[in-house]
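Summary of the model geometry
What follows is each chain in one-letter form.
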Amino acid sequence: DSGVTQTPKHLITATGQRVTLRCSPRSGDLSVYWYQQSLDQGLQFLIQYYNGEERAKGNILERFSAQQFPDLHSELNLSSLELGDSALYFCASSGQAVGGELFFGEGSRLTVL
Amino acid sequence: QQQVKQSPQSLIVQKGGISIINCAYENTAFDYFPWYQQFPGKGPALLIAIRPDVSEKKEGRFTISFNKSAKQFSLHIMDSQPGDSATYFCAAETASKLTFGTGTRLQVTL
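Just so it is clear, the structure is predicted and the values come from calculations on it, not from any experiment.

1. Description of the pairing of strand E4 (residues 33-38) of chain B
All names here are of chain B.
- By the criterion of burial, E4 is predominantly enclosed, with 6 of the 6 residues buried.
- Neither face of E4 is exposed, since Phe33, Trp35 and Gln37 on one face and Pro34, Tyr36 and Gln38 on the opposite face are all buried.
- Pairing of E4 with strand E5 (residues 45-50) involves 5 bridges; the strand directions are antiparallel. Note on E5: the bridge partner recorded for Pro34 is Ala49.
- Where E4 folds back onto E5 in an antiparallel hairpin, the turn is made up of 6 residues, including Gly41, whose phi is positive at roughly 80°.
- One ladder, built from 4 bridges, connects E4 with strand E9 (residues 86-94); its direction is antiparallel. When the sheet's bridge partners are listed, Gln37 is paired in E9 with Tyr88.

2. Some remarks on the nonpolar core
- Of all hydrophobic cores here, the largest spans 24 residues; its most connected members are Phe33(B), Trp35(B), Phe73(B), Leu75(B), Tyr88(B) and Leu106(B).
- Tallying contributions element by element places E9(B) first for this core, with 4 residues.
- Excluding residues that lie within four positions of it along the chain, Tyr88(B) makes contacts with Gln6(B), Ile21(B), Tyr36(B), Gln37(B), Leu47(B), Leu75(B), Ile77(B), Gly103(B), Thr104(B) and Leu106(B).
- Within the second largest apolar cluster, 21 residues are counted, among which are Val19(A), Val32(A), Phe64(A) and Leu78(A).

3. Remarks on the layout of surface pockets
- In this model, the largest pocket occupies a volume close to 830 Å³.
- Forming the boundary of the largest pocket are 32 residues, of which Gln37(A), Leu39(A), Leu88(A), Gln38(B) and Arg105(B) lie nearest the centre.
- Taken together, the elements giving at least two residues each to the lining of the largest pocket come down to strand E4 (31-38), strand E9 (87-94) and strand E11 (108-112) of chain A together with E9 and strand E11 (104-109) of chain B.
- Counted by class, the lining of the largest pocket contains 9 nonpolar, 17 polar and 6 charged residues.

4. A word on the interface of chain A and chain B
- With 20 residues of chain A at the interface, the matching set in chain B holds 15 residues.
- Between chain A and chain B, a total of about 1,500 Å² is buried, with carbon and sulfur atoms accounting for 54% of that surface.
- Our enumeration of links across chain A and chain B arrives at 1 salt bridge.
- Along the contact surface separating chain A from chain B lie 5 residue pairs in polar contact (both at pLDDT 80 or more).
- When residues of the side of chain A that touches chain B are traced back to their parent elements, those giving at least two are E4, strand E5 (42-50) and strand E6 (53-57) of chain A.
- Looking at which element gives the most residues to the side of chain A that touches chain B, the answer is E5(A), with 4 residues.
- In terms of residue class, the side of chain A that touches chain B is built from 10 nonpolar, 6 polar and 4 charged.

5. Quick word on the packing of aromatic side chains
- Taken as a whole, this structure holds 19 aromatic pairs over all chains when the rule is applied.
- Arranged with centres 4.9 Å apart and planes meeting at 45°, the rings of Tyr25(B) and Phe33(B) form a pair that is tilted. In this pair, the class of Tyr25(B) matches that of Phe33(B), namely buried.
- Each member of the aromatic cluster is reached from another via a ring pair, and the members are Tyr33(A), Tyr35(A), Phe45(A), Phe90(A), Phe104(A), Tyr36(B), Phe89(B) and Phe100(B).
- Arg26(A) extends its terminal NZ or CZ atom over the ring of Phe103(A), reaching a point 3.6 Å from the ring centre.

Reading guide: rules and limits
Per-chain numbering applies: the sequence of each chain, read as written, is numbered from 1 onward. Whichever chain is written first becomes A and whichever ligand is written first becomes 1, with later ones labelled in order. In view of the model being predicted, local features appear only for residues whose pLDDT reaches at least 70, and side-chain atom pairs are presented and counted only at 80 or more, with totals across whole chains, interfaces and linings using the full set of residues. Side-chain figures throughout are based on the complete set of non-hydrogen atoms in the structure, without hydrogens or water. When accessible area is computed with a 1.4 Å probe and restricted to protein chains, residues below 20% of their type maximum are described as buried, those above 50% as exposed, and intermediate ones as partly exposed. Only runs of H or I of at least four residues qualify as helices and only runs of E of at least two qualify as strands under DSSP, and these elements are numbered from the N terminus. In this description, strands pair whenever DSSP reports at least two bridges between them. In this text, buried Ala, Val, Leu, Ile, Met, Phe, Trp, Tyr and Cys residues form a nonpolar core when linked through side-chain atoms within 4.5 Å. Any pair of residues with heavy atoms lying within 4.5 Å of one another is described as a contacting pair. A cavity, in this analysis, means grid points on a 1 Å lattice covering only the protein atoms where a 1.4 Å probe fits yet has no way out; a pocket is instead an open set bounded by protein on both sides within 12 Å along at least five of seven lines, and a residue lines either one if it has an atom within 4 Å of a point. Grid points are joined across faces, edges and corners, and a volume is the space filled by probe spheres set on the points. As a working rule, the residues Ala, Val, Leu, Ile, Met, Phe, Trp, Tyr, Cys and Pro are called nonpolar, Asp, Glu, Lys and Arg charged, and the rest polar, with Gly in that last group. In short, buried area is how much 1.4 Å probe accessible area vanishes from two parts on joining, totalled over both. When a carboxyl oxygen of Asp or Glu lies within 4 Å of a side-chain nitrogen of Lys or Arg, that pair is called a salt bridge. Polar contacts, as used here, are pairs of N or O atoms within 3.5 Å; protein pairs need one atom able to donate a hydrogen and one able to accept it. Residues neighboring in sequence count only if both atoms are side-chain atoms. The pairing test for Phe, Tyr and Trp rings, Trp by its six-membered ring, is centres within 6.5 Å, and the orientation test on the planes gives stacked under 30 degrees, edge-to-face over 60, and tilted for anything in between. As a reminder, the over-ring test applies to NZ of lysine and CZ of arginine, requiring each to be within 6 Å of the ring centre and within 35 degrees of the ring normal.

Spelled out as structure tokens, the structure:
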């Protein structure tokens, strides 16, 4: 158990809809990362927050947004969903702003029909 | 270019054999090179990592070999066991961005 909790584990929705994925980092970790994993793209970095502030941005679509709350949990919002958004979304946390080990949750599997 | 190229895509090794997974990168600003192991239904977990000031790091049966001039690094799993069957991702980091390779699915047969 990595100590990172993600909900929901599975989510099925329709195109055009909006969903929110939630992540609780390991106790004490200030950094939260979001990754998208699909079969043909591997693990794609989306965005990182550190202590409530956005720190780094990757290949995150404009339809996607994230935030980290004062209690350090994070949410990833996906809107105007398309079939191609179907993937596993992982949250990871770290005790450091840069470098160090990432602790991944078990992921949220999103299926867009 | 932030790409990390990983090969092979899949690998079948007999129990007791050596598994070798290779990665190559282009961005010389990368300064941290971890390998992650992922079992089905689980998130990736750090296996071993290296910084570019050393050429090799060994932890138990797992060794990273790093060639800075060639911009390549590899994971060697000695005495491969069925329990090592998983997907392995190399990665490279700079400026807080960890870029992953596309993964290698390793199957260790009896």
